[in-house]
Amino acid sequence: MRTYLVLISALALSACQTVETTKGGTVGVDRQQRMAVSSEEVNAGAEKAYAQMMAEAQKKNALDRDAAQVARVKAIVSRLVPQTAAFRDDAPKWPWEAHVISVDDVNAWCMPHGKMAVYTGLINKLQLTDDELAAVMGHEIAHALREHSREQVSQQAITQTGIGIAGALFGVGQLGQGVANAVADVTLFKPKSRGMETEADRIGVELAARAGYDPHAAISLWQKMEKLGGSQPPKWLSTHPPHADRIADLQNQAQKVMPLYQQAKAGGTASAGK
Ligand SMILES: [Zn+2]
């Protein structure tokens, strides 16, 4: 079950570095990150896993079934993606892709290198406005910009280095699938740390504001998520654990990026990289 950890820990032995994946932006995210796996390896793994998952969804007739919904999601993505330049020079040129999957779960995610999915349960059950949908996607995009999945895979690899030597026994051919599985696993199922969540919240509201979406929608989105709670809590909450002062922080950050929002609404281009 954990064989991919053995595989990736072989990589961990070769390279461990401290990096900063993004520029700070107006919201000022500046935490140093420890990486034991390369972006190239993780991105290749994400692309492989994403292609497999979308093929699977297609087979189940669950891929992009509602043309209007797909168009709506893609329109929001196409407004958010150019704004990623405020945080990373390379990001606007990533192979961004977004699909709508017909699943009742309230969930959405973005794998490394911009491979996104929005589940119909999220759109339908929460009756999201465009601003709120942009808040979810901005948040997910922010996780990808900060390479949080790479960081999580690295953390797993670091804690598993004891068995790293065993990993070397596996052929390199198996490594690709191992990393693909690990990336999909952390992106879809493993909760992010509180620090990562705060970063994604902050970068997310700035991306939304720069794209001309009301940054305060992140707050109403959270309120809707928590209200839905009850016996069937949204899947999204299990990978994005709420913390008490989250709403207050979102309110502060939304206020901070309001000028960017107003500028975007007025038709000006928010200056990237500041
Ligand atoms: Zn998150």
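Above this note sits the structure.
Read on for a plain summary of the structure. Worth saying up front: this structure is predicted, and the values here are computed from it rather than measured. (Residues numbered from 1 in each chain as written. Predicted model: local features only at pLDDT ≥ 70, side-chain atom pairs only at ≥ 80, totals over all residues. Heavy atoms only, no water.)

### Observations regarding the nonpolar core
In this structure, V73, L122, L133 and M137 are the most contacted members of the largest nonpolar core, which totals 53 residues. Of the residues forming this core, the biggest block, 9 residues, is contributed by helix 5 (residues 130-145). Apart from residues lying up to four places away in sequence, L133 is in contact with R72, V73, I76, V118, L122, I123 and L128. (Core = buried A, V, L, I, M, F, W, Y, C linked by side-chain atoms within 4.5 Å. Buried < 20%, exposed > 50% of the residue type's maximum accessible area, 1.4 Å probe, protein only. Helix = DSSP H or I, 4+ residues; strand = E, 2+ residues; numbered from the N terminus. Contact = heavy atoms within 4.5 Å.)

### With respect to the coordination of the zinc ion
Donor atoms from the polypeptide that bind the zinc ion are H139 (NE2), H143 (NE2), E197 (OE), E197 (OE) and H240 (NE2), placed at 2.0 to 2.7 Å. Here the donor residues of the zinc ion are spaced in sequence according to H-x3-H-x53-E-x42-H. Of this pair, E197 sits in helix 9 (residues 194-210) while H240 sits in the loop between helix 11 (235-239) and helix 12 (246-256), and the two are 43 residues apart along the sequence. (Donors = N, O, S within 2.8 Å, 3.2 Å for Na, K, Ca; no water.)

### Side note on the pairing of strand 5 (residues 115-119)
Of all the 5 residues making up strand 5, 5 are buried; the element is thus mostly covered by neighbouring parts of the structure. Here strand 5 shows a buried face lined by K115, A117 and Y119 and a second buried face lined by M116 and V118. Examined bridge by bridge, strand 3 (residues 97-101) and strand 5 share 5 bridges and lie parallel to one another. Counterpart to V100 in the pairing with strand 5 is V118. (Pairing = 2+ DSSP bridges.)

### Focus: the environment of C110
Mapping C110 onto the fold places it in strand 4 (residues 108-111). Judged by relative accessible area, C110 falls into the buried class, the value being 3%. Excluding its chain neighbours within four sequence positions, the residues that come into contact with C110 are W96, K115, M116, E140, I141, A144 and T187.

### Section: the packing of aromatic side chains
By convention here, two paired aromatic rings are described through the distance between centres and the angle between planes. Under the counting rule described, the total for this entry stands at 3 aromatic pairs. Plain terms: the ring middles of Y50 and W109 are 6.1 Å apart, the flat faces sit at 90° to each other, and that makes the pair edge-to-face. Linking Y50 in helix 2 (residues 39-59) with W109 in strand 4, this pair joins segments that are 59 residues apart in sequence. Exposure class is identical for Y50 and W109. Each is buried. A ring pair is formed by W222 and W236, whose centres lie 5.3 Å apart and whose planes are at 55°; its orientation type is tilted. In this pair, W222 sits in helix 10 (residues 217-228) while W236 sits in helix 11, placing the two residues 14 residues apart along the sequence. (Phe/Tyr/Trp six-rings, centres within 6.5 Å; stacked < 30°, edge-to-face > 60°.)

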